Structure formats: structure tokens, C-alpha cells
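# What the coordinates show
Each chain is listed here by its residues.
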Amino acid sequence: MSLLIASDLDRTLIYSSAALALAMPDPEAPRLLSVEVHENKPLSYMTETAAGLLEQLVEETVFVPTTTRTRKQYQRIRLPGARPRFAICANGGHLLVDGHTDYDWHAQVLARLADECAPLDEVRAHLQVSTSPAWVRKHRVAEDLFAYLVVERELLPETFVKDLAEWAEPRGWTVSLQGRKIYAVPQPLTKSAAVREVARRTGATEILAAGDSLLDADLLLAAHRGWRPGHGELADSGWTSPAITALRERGVLAGERILREFLGRAAHVVGTVPPPARRPAVGGVTLETDS
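Residues numbered from 1 in each chain as written. Predicted model: local features only at pLDDT ≥ 70, side-chain atom pairs only at ≥ 80, totals over all residues. Heavy atoms only, no water.

### Topic: the side chain of Asp8
Test applied: Only DSSP runs of H or I reaching four residues or more are called helices, and only runs of E reaching two or more are called strands; each is numbered from the N terminus. A 3.5 Å cut-off defines polar contacts: any pair of N or O atoms within that distance qualifies, except that in protein one atom must be a possible hydrogen donor and the other a possible acceptor, and neighbouring residues in sequence count only when both atoms are side-chain atoms. We call two residues contacting when some pair of their heavy atoms lies within 4.5 Å.
Here Asp8 is to be found in the loop between strand S1 (3-7) and strand S2 (32-38). At 2.7 Å, the side chain of Asp8 forms a polar contact with the side chain of Thr12. If we skip the residues at most four places from it in the chain, Asp8 touches Leu13, Thr66, Thr67, Lys191, Ala210, Gly211, Asp212, Asp216 and Leu219.

Encoded structure:
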């Protein structure tokens, strides 16, 4: 049996300093590894333990980073281990193969968008007239595929996201609030479609997935098994499905737990080495053990 693992990145496997959610005393906090630098500053992190688990996962399975980030934003990330052969960017709008864009796939995506949803320009125009510079810091377009806003959350009108979603839904668009960003994404633009294409090319017979936001729901539903962390849009809404495991861990430790779950399933399916178990030690520090 061939196994494909598709995982969201931000707030699923990698975390900004604001999203780490380290609730323990400082001396008990896990060691962190920077995996992204932007404008000469570290931007995203994993625990060092998670980095080792991911390196093992990349060696032993078909691991596919699956992100809403643009290609340029994705290429800032330096994940541990060998570079995955496949990566999915722009919420499925771009498929990278050995670091290069598959333009045939992108053309198929554009054809679906033209047939199945309102054009991007209509959505951009609505965002311009329905928002205020008092709480919107940036209007952005990603890869000419979807739009997003960078907002001041404390100033965001209470009903704006709900109202925007109600306007967007009959036009074939989805709205997602993630941290300080509000995304408007075409409904036909999905991570799951791109993952199915990678599964077709690799002959994968089982798909595992993880994600935290509304934009990851289709990815999780397309997988044979999936995991969501204890934070994010899906957790806040209580979203679940029979094949989805809702984890209690939040923040960067949720990323570590997800990787353990992936490796545990890989050990069962393809006979890889399972990750070491964890046990609490004196003082509450978690140690690795071989059993």
C-alpha cells in the first residue's frame, strides 16, 4: 500500500511566535527551530522534536506540503529533511513538482474557476466598498486566484465576516478568517483536488491529512484519515467528521502531535519505524522513550 500525507503548514505544522501557545513555565518550554526567515527576521517555528519527526516522515512517505500560501511565500520556508517532490500552493491553484510549477495543472484550475464561480474582480470590488481603512491594513491578491485582507482584529466589525460569507456563497466563493487575515477563495479552488492529482500520479492508495482552517475542510474530507489541532476555525466551530481526529493540543505542540500521528499510521501501513513514545518526567518535562 502506498501512503500520501498532505498537510497544511501555517498553524498546523509551523507557527509564528504569536501562535506558539506555550502555556508552560519558561524552563519547561520546548526547544524551537526557525523554519522561515522573512526580511532578515525569523518568522515561523517548529519544535526541534517535530523537526526530527518531519525529517523521518519525508524520508519514508510521500509528504506533500499543502498550503494557501503563494509560491513565493512557500519558498521562504525551509522544512527539515529533503525537499518534498510535490507541493501544493495557493490553496490548490499551483502544483509544484521538484520545485517547478506544473502549468498544465494551473490551466485546468483556471478553466474550472471561469466556469464555476464569479470572477475575482467582482470580489475585489466588493471588498473595496464594504471595508474601511479604519480596520483594514492591506488588500491583497494571491497569484491572481483569490483575495485576502489583513485586518486589525480588535477593530473588525462583529458581523463583517458573516456578512461577507453570505454575500460570497451564492457567487461560488468561501470566506475564512485566520488570525489577522480574511480570505475570499473560489469554492472550486481546493486543496483536495490537487491532492487527488498527486495521489493519481504517485499511485497512492491511502491519504492522510491535517489542517486547522475552514479552507482545510475539503482536504480533511478527501483523506482516509485526518487530524485537526485544538485551535483554529475548525476547532472553534466544533467541525468534525467520522474519519477526523480532533486533538486537544494547541499551538506548536499540536504540530508535533500531528507528526507523531502521521508516523504512527505510516508504521502500520508501510512498515516504517514508529516515532518514540512520550512520557512525563520529573518536573513536567516530556522525554522520549523507545517503548
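### Quick look at the packing of helix H4 (residues 120-130) against helix H5 (residues 160-168)
The test is simple: Structural elements are reduced to axes, namely lines fitted to C-alpha atoms, with helices fitted over the stretch in contact, and the angle between N-to-C directions of any two is expressed from 0 to 180 degrees. Any angle from 65 to 115 degrees is called roughly perpendicular, while one under 35 is roughly parallel, one over 145 is roughly antiparallel, and all others are oblique. Two helices crossing with the near one rotated counterclockwise from the far one by less than a right angle form a left-handed crossing, whereas a clockwise rotation gives a right-handed crossing. Throughout this entry, Asp, Glu, Lys and Arg are counted as charged residues, while Ala, Val, Leu, Ile, Met, Phe, Trp, Tyr, Cys and Pro are counted as nonpolar. The remaining residues, Gly among them, count as polar.
Two elements in contact, H4 and H5, have axes separated by 12 Å at closest approach and are oriented at 150°. As summarised for this structure, H4 and H5 are arranged roughly antiparallel, according to the angle between their axes. The way H4 lies across H5 gives a crossing that is right-handed. Facing Glu122, Val123, His126, Leu127 and Ser130 of H4, the residues of H5 in contact are Phe160, Leu164 and Trp167. Grouping the constituent residues of the contact of H4 with H5 by class yields five nonpolar, two polar and one charged.

### Remarks on the sheet that holds strand S12 (residues 206-210)
Note the cut-off: Only strands joined by at least two bridges in the DSSP assignment are considered to pair.
Spatially, five strands are ordered S4-S1-S12-S13-S14 in an open sheet, and the strand pairing comes out parallel. Of all the strands in the sheet, the pair left with one neighbour each is strand S4 (62-65) and strand S14 (244-246). Put simply, the sheet's adjacent strands are angled 15° from each other on average, direction ignored. Helix H9 (residues 252-270) contacts S1, S12 and strand S13 (225-228) of the sheet and is inclined by roughly 170° relative to S12.

### Brief notes about the layout of surface pockets
Defined as follows: The definitions used throughout rest on a 1 Å grid laid over the protein atoms alone, on which a cavity is an enclosed set of points accommodating a 1.4 Å probe that cannot get out and a pocket is an open set flanked by protein within 12 Å on both sides along at least five of seven lines; lining residues are those having an atom within 4 Å of a point. Grid points are joined across faces, edges and corners, and a volume is the space filled by probe spheres set on the points.
Of the volumes computed, that of the largest pocket is approximately 1000 Å³. Lining the largest pocket are 33 residues, with Asp10, Leu43, Arg69, Lys181 and Tyr183 sitting closest to its centre. Of all the secondary-structure elements, those providing two or more residues to the lining of the largest pocket are S2, strand S3 (41-47), strand S8 (136-142), strand S9 (146-151) and strand S11 (181-186). Grouping the constituent residues of the lining of the largest pocket by class yields ten nonpolar, ten polar and 13 charged.

### A short note on the packing of aromatic side chains
The condition that has to hold: Here a pair means two rings of Phe, Tyr or Trp (six-membered ring of Trp) with centres within 6.5 Å. Their orientation is stacked below 30 degrees between planes, edge-to-face above 60, and tilted elsewhere. Think of it in three bands: residues with accessible area under 20% of the maximum for their type are buried, residues over 50% are exposed, and the middle band is partly exposed, with areas taken using a 1.4 Å probe on protein chains only.
Counted under the stated rule, the structure contains four aromatic pairs. Measuring from ring centre to ring centre gives 5.4 Å for Tyr148 and Tyr183, while their planes differ by 35°; the resulting arrangement is tilted. Taken together, the residues Tyr148 in strand S9 and Tyr183 in strand S11 connect sequence positions 35 residues apart. Of the two residues, Tyr148 and Tyr183, both sit in the buried class. On the numbers, 5.6 Å between centres and 90° between planes, the contact of Trp227 with Phe262 is edge-to-face. Of the two residues, Trp227 is situated in strand S13 and Phe262 in helix H9; the sequence distance between them amounts to 35 residues. Here Trp227 and Phe262 have matching classes, each one buried.

### Considering the sheet that holds strand S5 (residues 86-89)
If you walk across this open sheet you meet the three strands as S5-S6-S7, and the pairing is antiparallel. In this open sheet, the two strands that pair with only one neighbour each are S5 and strand S7 (100-101). Of the strand pairs in this sheet, strand S6 (residues 94-97) and S7 are connected by two bridges, and their pairing is antiparallel. Looking at the pairing, Val97 lines up with His100 of S7. Strands in contact with helix H6 (residues 191-202) are S5 and S6; relative to S5, the strand with the most contacts, it is inclined by about 165°.

### A closer look at the nonpolar core
Quick reminder of the rule: Among buried residues, the Ala, Val, Leu, Ile, Met, Phe, Trp, Tyr and Cys ones that are joined through side-chain atoms within 4.5 Å form a nonpolar core.
Counting residues in each nonpolar core, the largest one holds 54 residues, and the members touching the most others are Leu4, Phe146, Trp173 and Ile182. Ranked by the residues each element gives to this core, the list is headed by S9, at six residues. Each residue touching Phe146, except ones within four places of it in the same chain, is listed here: Thr68, Ala90, Leu120, Arg140, Val141, Trp173, Tyr183, Ala184, Val185, Pro186 and Leu189. Counting residues in hydrophobic clusters, the runner-up holds 28 residues, among them Ile5, Tyr74, Ala87 and Leu263.

### Concerning the pattern of salt bridges
Pairing between side chains of opposite charge can happen when the charged atoms of each approach one another. We count it as follows: For salt bridges, the criterion is a side-chain nitrogen of Lys or Arg within 4 Å of an Asp or Glu carboxyl oxygen.
Applying the stated criterion to the full structure yields 19 salt bridges. One salt bridge in this structure joins Glu36 and Arg69, with 2.8 Å as the shortest N-O distance. Taken as a pair, Glu36 in strand S2 and Arg69 in the loop between S4 and helix H2 (71-75) lie far apart in primary sequence, 33 residues in all. By relative accessible area, which is 10% here, Arg69 ends up buried.

### Quick look at the pairing of S1
The element S1 is extensively covered by neighbouring structure, given that five of its five residues are classed as buried. Residue alternation in S1 divides its side chains into two sets, Leu3, Ile5 and Ser7 and Leu4 and Ala6, and both sets are buried. As paired elements, S1 and S12 share five bridges and run parallel to each other. Along S12, the bridge assignment pairs Leu3 with Glu206. By the bridge criterion, four bridges tie S1 to S4 in an arrangement that is parallel.

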